[in-house]
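# Per-entry structural report
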Amino acid sequence: MVLVEDSPIALEILQQLLKSSPEVDLVGTARDGLEGLEVIDRTQPDVVCTDLFMENMDGLELTQRVMAESPRPILVISNFVGKKDVDNVFRLLQAGALDVFPKPITGSPTDYAKVRDDLITKIKILASMKVDGNPQKLSAAIESSISSSFLGTNPQVSNIASSVQAIALGASTSSLQTIQKILKQLPRNFSLPIICTLHISGGSLPELVNWLFCECHLKVKIAELGETPTPRTVYFAPENSHLELDVQGKFTYVRATVTEKYCPSITVMFKSLAKYYGRAIAAVLLSGLGSDGAEGLQAISQAGGITIAQHETGGGLFGMVKQANSLNAVQHMLGIEEITPFLLQIVSS
């Protein structure tokens, strides 16, 4: 990986943290985006980590240049990508960054050490992801997959796809760009509701929903209490409650207990949808930190539904997908470019 950071102190601390992990190979550093482009071109890293605000060329412009010239996963590590910096976060995601990571507030080595494991895990996940900076190329791949009858060779899916009544989606912040790519390719007449739970910083969900609404053909909203899922709409769980369906198929909010690590929880939502829809649900679990979603995907598989997980290129599985795979909950491991045509074929079956 390459690290681009203009603060000598932060650069030194991050270098020491990253070098402490045998799984991360730091092949180059740079003090600004302009120098970063040269280092990236010379070393061809799997991942680029960059600060946001720098002289000569900032992290936003660096992200835009890298995604236009030589696409690869980008993680922005900055003091300005926290809960109060939603505009910065979405501008970076639109430019092609896959994730953001707030620097510790004090900037001391001790505080950096506290976030070391989370940072290294994020980098490992990003290194496994395939990035395509050309939306037209992605669209062509999707059209090609559809035209080749993607599901035609899979009897298990063909036999039950016609009964699917809803799509479930679970993801973390690192998958925001993947969510955007998947949803953007779905037509406005997509005939199933899509119900999502996302791990995201508090206060960011309304802006995310507005961003996706502008990017996609479907209606995108936060699920409301008592609302019934309808086709052509993408529903997101609220920030501070689990999202479930009651016995009448209407959305209900459930507060997390003190022992629960994730709120909203992908697993809680998946289990509720498995209970209500049974075999008539298809679920997608994207890459993310932790284990949330694994047991929920298992519940959907055991109920007879269709389970899909994002295939991480690079030879390894991490986090949520790894946990789901260890439970034998994943029926279909698909690359990013394969997920949308898979969902379209489910609808057309």
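Residues numbered from 1 in each chain as written. Predicted model: local features only at pLDDT ≥ 70, side-chain atom pairs only at ≥ 80, totals over all residues. Heavy atoms only, no water.

### Focus: the side chain of D99
Let me state the cut-off plainly: Helix and strand definitions here come from DSSP, where helices need a minimum of 4 consecutive H or I residues and strands a minimum of 2 consecutive E residues; each element is numbered from the N-terminal end. Accessibility here uses a 1.4 Å probe with only protein chains present; expressed as a share of the type maximum, an area under 20% marks a residue as buried, one over 50% as exposed, and anything in between as partly exposed. N or O atoms within 3.5 Å of each other form a polar contact, as long as, within protein, one can give a hydrogen and the other can take it, and as long as residues adjacent in sequence are counted only when both atoms are side-chain atoms. The contact criterion used is simple: two residues touch if any of their non-hydrogen atoms lie within 4.5 Å.
Structurally, D99 can be placed in strand β5 (residues 99-102). The exposure class assigned to D99 is buried, which follows from its relative accessible area of 1%. At 2.5 Å, the side chain of D99 and the side chain of K122 are in polar contact. With sequence-adjacent residues up to four places away left out, D99 is seen in contact with I74, L75, V76, K122, T173 and S174.

### Focus: the sheet that holds strand β6 (residues 166-171)
The line we're drawing: DSSP calls a pair of strands paired once it identifies at least 2 bridges connecting them. Each axis is a line fitted through C-alpha atoms, and for a helix only the stretch in contact is used; angles between axes span 0 to 180 degrees, taken between their N-to-C directions.
Within the open sheet, the 7 strands sit side by side as β8-β9-β7-β6-β12-β13-β14. Their pairing is parallel. The strands lining the two open edges of the sheet, one partner per strand, are β8 (219-222) and β14 (332-334). In this sheet, adjacent strand axes meet at a mean angle of 20° when their direction is disregarded. Packing of helix α9 (residues 176-184) onto the sheet brings it into contact with β6, β7 (194-198), β9 (233-236) and β13 (306-310), and relative to β7 it is tilted by some 170°. Seen against the sheet, helix α13 (residues 319-326) touches β6, β12 (281-285), β13 and β14 and runs at an angle of roughly 130° to β12.

### A word on the packing of helix α11 (residues 266-277) against helix α12 (residues 294-302)
Note the threshold: Here is the rule for angles: anything less than 35 degrees is roughly parallel, anything more than 145 is roughly antiparallel, 65 through 115 is roughly perpendicular, and the remaining ranges are oblique. For this scheme, ten residues count as nonpolar: Ala, Val, Leu, Ile, Met, Phe, Trp, Tyr, Cys and Pro. Four count as charged, namely Asp, Glu, Lys and Arg, and the remainder, Gly too, count as polar.
It is the contact of α11 with α12, at a shortest axis distance of 7 Å, that shows an interaxial angle of 10°. The pairing of α11 with α12 is recorded here as roughly parallel in orientation. Across the interface between the two elements, T267, F270, K271 and A274 from α11 touch A294, E295, G296, L297, A299 and I300 from α12. Considered class by class, the residues forming the contact of α11 with α12 number 6 nonpolar, 2 polar and 2 charged.

### Side note on the pattern of salt bridges
Once their charged atoms are close, side chains differing in charge can pair, the charge on each being opposite to the other. Here is the rule we go by: Salt bridges are counted wherever a side-chain nitrogen of Lys or Arg sits within 4 Å of a carboxyl oxygen of Asp or Glu.
This model, assessed by the stated rule, comprises 11 salt bridges. The partner of E5 in a salt bridge is K103, with the nearest N and O atoms 2.8 Å apart. On the criterion of sequence distance, the pair formed by E5 in the loop between β1 (2-4) and α1 (8-19) and K103 in the loop between β5 and α5 (109-114) is long-range, its members being 98 residues apart. What makes E5 buried here is its relative accessible area of 1%. What makes K103 buried here is its relative accessible area of 10%. Close ionic contact of K221 with E224 constitutes a salt bridge, the shortest N to O distance being 3.1 Å. Among the residues examined, K221 registers a relative accessible area of 13% and is labelled buried. Take E224: its relative accessible area is 46%, and that puts it in the partly exposed class.

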